[in-house]
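# Overview (structure and organization)
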Amino acid sequence: MIEANGLTKRYGRTLAVNDLTFTVQAGRVTGFLGPNGAGKSTTMRMILGLDRPTAGGVRIDGKRYTDLKEPLRHVGALLDAKWVHPNRSARAHLRWLAVSNKLPEKRVDEVLALVGLTDVAGRRAGGYSLGMSQRLGIAGALLGDPGVLLFDEPVNGLDPEGILWIRQFMHRLADEGRTVFVSSHLLSEMALTAQDLVVIGRGRLIAQTSTSAFIDAASGSSVRVRGPELDRLREVITSGGLKADDAPATTEGPAALVVHDATTDDVGELAGRAGLVLHELAAQRGSLEQAFIQMTGGDVEYRTGDPALAPVAGVAGAPVGVPGQPGEALASQRTGAPVAARKADAR
Ligand SMILES: Nc1ncnc2c1ncn2[C@@H]1O[C@H](COP(=O)(O)OP(=O)(O)O)[C@@H](O)[C@H]1O
Ligand SMILES: [Mg+2]
């Protein structure tokens, strides 16, 4: 288990990490999510005792990193996969790590097998692909058979096969009862990888929640509705006290209305009382991306290929969420039009 308490780091005028309190449980994969510059790497370095907090602290299984007698037996980390001497072989690199940390040398061949590098272990690490380097980094993290593992953006730059491998490997580590804490700025990836989320923006905690609760809290706030008499439908909805926007016809479907902060029950009953025929009535499920952008809004350097998911301006200053109550953070961020409707420019 990892417990951060009021963790804070200031670099000159930059408050990189601002009063972060969260816990990471054993036996689960916990995603550490936030846009670039949010403070994820800084937090991980403080967990590992590589950076000293300006205030607050963090404990690993109840102890400070610096109080761990043989740290690699408690915590393993992959912070930067390219941190390997290019002319050393994978096996030589791991042997050096093992010997310098008083770990048995036979463990080297075990971890090489675990990550599937046995066949290439004699090759110089400088010639490894990024995917192979990541595996080597993970092998290094596993050398001391630690109960707590930290991975900083491990899927960055990997091909789909490499991403799948890492995802499955993390689940396996968690199933073995380990604490697995993995950072990413990629929402879609975290939705598939992590069971729990710690979400930060600009160094502050936005939410600590299960991934499914995070998605649920983000969805169901608007309703898409369509019928042959769209103008009358709009009138009925508006006079019923709800706000409706036009959703023009697209390749996905004909023109419809999007009703905000409403349920399908609300809209269906209004239409029914007016005797209007409906051809479509559907709750719009928000995606994890939308929730993330709404929550971390103003401080996003985050990119996706989909222009509809590009950062939304004017949602700056994400509030601090109440741990375990993701809805708090989300509800107070609900502003006017749904994110997907506010098309930002593609970058
Ligand atoms: N060693 C450092 N010196 C000064 N500023 C730093 C240092 N490390 C990180 N920062 C700043 O702290 C903030 C958080 O950075 P970082 O932890 O790397 O974020 P993330 O990993 O979420 O992208 C950024 O504004 C970054 O520029
Ligand atoms: Mg980082």
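Residues numbered from 1 in each chain as written. Chains lettered and ligands numbered in written order. Predicted model: local features only at pLDDT ≥ 70, side-chain atom pairs only at ≥ 80, totals over all residues.

### Focus on the sheet that holds strand E7 (residues 179-184)
- The six strands lie next to each other as E5-E6-E7-E3-E8-E9, forming an open sheet whose pairing is mixed. The open sheet has two edge strands, strand E5 (75-78) and strand E9 (204-210), and neither has a second partner. Between one strand axis and the next, the sheet turns by 15 degrees as a mean value, whatever way the strands run.
- As judged from the five bridges shared by strand E3 (residues 29-33) and E7, these two strands associate in the parallel manner. Paired with Phe 32 across the bridge in E7 is Ser 183.
- The strands touched by helix H5 (residues 160-175) are E3, strand E6 (148-152) and E7; relative to E7, the strand with the most contacts, the crossing angle is about 150 degrees. (Pairing = 2+ DSSP bridges. Helix = DSSP H or I, 4+ residues; strand = E, 2+ residues; numbered from the N terminus. Axes fitted to C-alpha atoms, helices over the stretch in contact; angles between N-to-C directions. Contact = placed C-beta atoms within 7 Å.)

### With respect to the site of ligand 1
- In the region of ligand 1, the neighbouring residues are Tyr 11, Thr 14, Ala 16, Gly 34, Asn 36, Gly 37, Ala 38, Gly 39, Lys 40, Ser 41 and Thr 42.
- Within the residue set of the shell around ligand 1, elements represented by two or more residues are strand E2 (14-24) and helix H1 (40-47).
- Residue contributions to the shell around ligand 1 peak at three residues, all from H1. (Near = placed C-beta within 6 Å.)

### Looking at the sheet that holds strand E1 (residues 2-11)
- Overall, antiparallel pairing links the three strands, which are arranged E2-E1-E4 in an open sheet. Two strands bound the open sheet, and with one partner strand each, they are E2 and strand E4 (55-60). Across this sheet, the average inter-strand angle for adjacent strands is 20 degrees, counted without regard to direction.
- Lying over the sheet, H1 contacts E1, E2 and E4, oriented at roughly 120 degrees with respect to E1.

### Some thoughts on helix H9 (residues 264-273)
- Among the residues of H9, Val 267, Leu 270 and Ala 271 are the ones counted as buried. Taken down its axis, H9 places every buried residue within 95 degrees of arc, on the same side. Of the residues in H9, the exposed ones pointing more than 90 degrees away from the buried face are Asp 265, Glu 269, Gly 272 and Arg 273.
- A positive backbone phi angle near 70 degrees is found at Gly 275, which sits one or two residues after H9. (Buried ≥ 20, exposed ≤ 12 C-beta atoms within 10 Å, placed from the backbone. Arc of directions from axis to C-beta.)

### Focus: the environment of Gly 57
- By the secondary structure assignment, Gly 57 is in strand E4.
- Taking the C-alpha atoms as reference points, Gly 57 and Ala 4, separated by 53 residues in sequence, lie 6.0 Å from one another.
- In this structure Gly 57 touches Asn 5, Leu 7 and Arg 64, once residues within four positions along its chain are discounted.

### Some points on helix H4 (residues 130-142)
- For H4, built from 13 residues, the straight-helix expectation of 18 Å at 1.5 Å per residue is met to within 8% by its first-to-last C-alpha distance of 18 Å.
- By the criterion of burial, H4 is predominantly enclosed, with 10 of the 13 residues buried.
- Among the residues making up H4, those that are buried are Ser 133, Gln 134, Arg 135, Leu 136, Gly 137, Ile 138, Ala 139, Gly 140, Ala 141 and Leu 142.
- Those residues of H4 that are buried lie in contact with E5, helix H2 (90-100), helix H3 (106-114), E6 and H5. (Expected span 1.5 Å × (residues − 1).)

### A look at the packing of H2 against H3
- Running from amino to carboxyl end, H2 crosses H3 at an angle of 130 degrees, the nearest separation of the two axes being 9 Å. Comparing their axes, H3 and H2 come out oblique. Handedness of the crossing formed by H2 with H3: right-handed. Of the residues in H3, those touching H2 at Ala 90, Arg 91, Leu 94, Arg 95 and Ala 98 are Arg 107, Val 108, Val 111 and Leu 112.
- Tallied by class, residues from the contact of H2 with H3 come to six nonpolar, no polar and three charged. (Parallel < 35°, antiparallel > 145°, perpendicular 65-115°, else oblique. Left-handed = near helix turned anticlockwise from the far one by under 90°. Nonpolar A, V, L, I, M, F, W, Y, C, P; charged D, E, K, R; others polar.)

### Thoughts on the environment of Leu 281
- One can find Leu 281 in strand E13 (residues 280-284).
- Between the C-alpha atom of Leu 281 and that of Gly 227, which follows or precedes it by 54 residues, the distance is 9.0 Å.
- Not counting chain neighbours up to four residues away, the residues in contact with Leu 281 comprise Val 223, Val 225, Thr 264, Val 267 and Gly 268.

### Details of the pairing of E3
- Within E3, five of the five residues are buried, which leaves it mostly tucked inside the rest of the structure.
- Burial of E3 is two-sided: the residues Val 29, Gly 31 and Leu 33 facing one way and the residues Thr 30 and Phe 32 facing the other way are all buried.
- Pairing analysis gives four bridges linking E3 to strand E8 (residues 196-201), with the strands arranged parallel. Bridge assignment links Gly 31 to a residue of E8, and that residue is Leu 197.

Honestly, that's just the spatial picture; any functional story needs more than this.
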